[in-house]
Amino acid sequence: MSSVLYDTPGPRAKRRNLLLSVVFVLLLALLAWWVWQKLDDKGQLKWALWQPFTTSEAWTTYLLPGLGNTLKAAALAMVIALPLGAVLGMGRMSDHTWVRIPAGWVVEFFRSIPVLLLMLFAQEFYVRSTEVGSDERPLYAVVTGLVLYNASVLAEVVRAGVMALPKGQTEAAYAIGLRKGQTMTGILLPQAVTVMLPAIVSQLVVIVKDTALGGVMLQFTELLTARGTLAANYANVIPSFVVVAVVFIVLNLALTTFAAWLERRLRRSKRSTGAVLGAEDVQDLNTAEVAGAFGSGASA
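Cut-offs and rules
Residues numbered from 1 in each chain as written. Predicted model: local features only at pLDDT ≥ 70, side-chain atom pairs only at ≥ 80, totals over all residues. Heavy atoms only, no water. Helix = DSSP H or I, 4+ residues; strand = E, 2+ residues; numbered from the N terminus. Buried < 20%, exposed > 50% of the residue type's maximum accessible area, 1.4 Å probe, protein only. Contact = heavy atoms within 4.5 Å. Core = buried A, V, L, I, M, F, W, Y, C linked by side-chain atoms within 4.5 Å. Axes fitted to C-alpha atoms, helices over the stretch in contact; angles between N-to-C directions. Parallel < 35°, antiparallel > 145°, perpendicular 65-115°, else oblique. Left-handed = near helix turned anticlockwise from the far one by under 90°. Nonpolar A, V, L, I, M, F, W, Y, C, P; charged D, E, K, R; others polar. Salt bridge = Lys/Arg side-chain N within 4 Å of Asp/Glu carboxyl O. Expected span 1.5 Å × (residues − 1). Arc of directions from axis to C-beta.

A. Representation of the overall build of the protein in the model. Of regular secondary structure, the protein possesses 11 helices and 0 strands. What you see in the protein, going N to C, is helices and strands ordered as α-α-α-α-α-α-α-α-α-α-α. Scored against the burial criterion, the 300 residues of the protein give a buried share of 33%. Intrachain contacts of the protein at a sequence separation of at least 6 include 73% that bridge at least 24 residues.

B. Expanded view of the nonpolar core. Judged by nonpolar contacts, the single largest core of 45 residues is most densely connected at Leu-63, Val-142, Leu-146, Val-162, Ile-207 and Leu-223. Looking at this core, the elements with two or more residues in it are α3 (56-92), α5 (115-129), α6 (137-163), α8 (180-217), α9 (223-234) and α10 (237-269). At 11 residues, α6 tops the list of elements feeding residues into this core.

C. Representation of the packing of α3 against helix α4 (residues 97-111). α4 packs onto α3 with a crossing angle of 130° between their chain directions and a minimal axis gap of 7 Å. Viewed along their axes, α3 and α4 adopt a mutual orientation that is oblique. Relative to α4, α3 is oriented so that their crossing is left-handed. Taken together, the residues of α4 that come into contact with α3 (itself represented by Leu-88, Gly-91 and Arg-92) are Val-99, Arg-100, Ala-103, Gly-104, Val-106, Val-107 and Glu-108. Partitioning the contact of α3 with α4 into residue classes produces 5 nonpolar, 2 polar and 3 charged.

D. The arrangement of unusual backbone geometry in detail. Phi at Gln-219 takes a positive value of approximately 60°, unusual for a residue other than glycine. Tracing the chain through its elements places Gln-219 in the loop between α8 and α9. The phi torsion at Ala-235 lies on the positive side, around 55°, for a residue other than glycine. Take Ala-235: it is sitting in the loop between α9 and α10. On the accessibility criterion, Ala-235 (58% relative accessible area) is exposed.

E. Local environment of the side chain of Ser-94. Turning to its location among the elements, Ser-94 is positioned in the loop between α3 and α4. For Ser-94, a relative accessible area of 14% puts it in the buried group. When neighbours within four sequence positions are excluded, Ser-94 is seen to be in contact with Val-99, Arg-100 and Lys-180.

F. Focus on the environment of Pro-83. Note on placement: Pro-83 falls in helix α3. Taking the C-alpha atoms as reference, Pro-83 lies 9.2 Å from Leu-154; in sequence the two are 71 residues apart.

G. Representation of the pattern of salt bridges. In the structure shown here, the tally under the stated rule is 6 salt bridges. With its nearest N and O atoms 2.9 Å apart, the salt bridge here joins Arg-111 to Glu-108. Here Glu-108 and Arg-111 lie together in helix α4, a separation of 3 residues that amounts to about one turn. Given a relative accessible area of 32%, Arg-111 falls into the partly exposed group. One network of salt bridges, in which partners are shared, links Arg-92, Glu-108, Arg-111, Glu-156 and Arg-159.

H. Representation of the packing of α3 against α9 in the model. Where α3 meets α9, the closest approach of the two axes is 7 Å, and the angle between their N-to-C directions is 160°. The orientation of α3 with respect to α9, classified from their angle, is roughly antiparallel. Every pair of crossing elements has a handedness; the one defined by α3 and α9 is right-handed. Here α3 contributes Glu-57, Ala-58, Tyr-62, Leu-63, Gly-66, Leu-67 and Thr-70 to the contact with α9, which in turn contributes Leu-223, Ala-226, Arg-227, Thr-229, Leu-230, Asn-233 and Tyr-234.

I. Quick look at α4. Taking 1.5 Å per residue, 15 residues should reach 21 Å; α4 reaches 21 Å between its end C-alpha atoms and fits that length. For α4, the set of buried residues is Ala-103, Gly-104, Val-107 and Phe-110. Buried residues of α4, viewed axially, fall in a sector of 150°; they line one side. Structural note: α4 exposes Trp-98, Trp-105 and Phe-109 on the side pointing more than 90 degrees away from its buried face.

The structure is reproduced here in structure tokens:
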């Protein structure tokens, strides 16, 4: 079926697409074979280098503690950045200049700075201005950098998601007497969650991966840093990189799969039942909101 952006391919186009697909698969297989041969020539495929990953010592001593720190830092950053980003996003849409302009400055400032630089600044701040211990300081610095950067990005995601909704939603809320704050929190944000969810999940995946920056520069013992220690003890650099890459892929794939399931569930729950509400039903549904907006006059 044709659409505005896509025409159904004809017989020649189908043959061309099939030929290109076959050529791409062959080239990909050739590349995989070349990489395999190079690794084999360098002795990187010997079982002695991969055997440590079949024992519990490599996982319980190195990889699992590192993975735990990665998940801990990512979870803390997510929990703090999501509500902070929502607040900043709503602040950027405020009618009050004294709220909208500072919120815009904060978002644009922290969004323009590399997350690694924010981590380094946070590290120096905790060293010079706080009593945080040296053992906990890398975690604090990593979480602070991730929160500042990702909250500013999520603020733009929230703003874009709300602005993507039809204007009729806002006009209808104002028509029944809701204030802007009530409209935003009670009507616009719940509907925008479904629209924003793919972008939010993409940013959460970025948070998980960016925890590795703390291990490179701040000696934060996350998964990639633990891999380095393991590779130094077992002399299996390439296999350790492959295993850690697979762990990251599985972790982020699980996150995106859960988000896709949640998005489908939210879309199903928001579908209309097809029931027609009468005037009395609508009045009953809106009585609490109107009373909150107009006080005792709403009952009249």
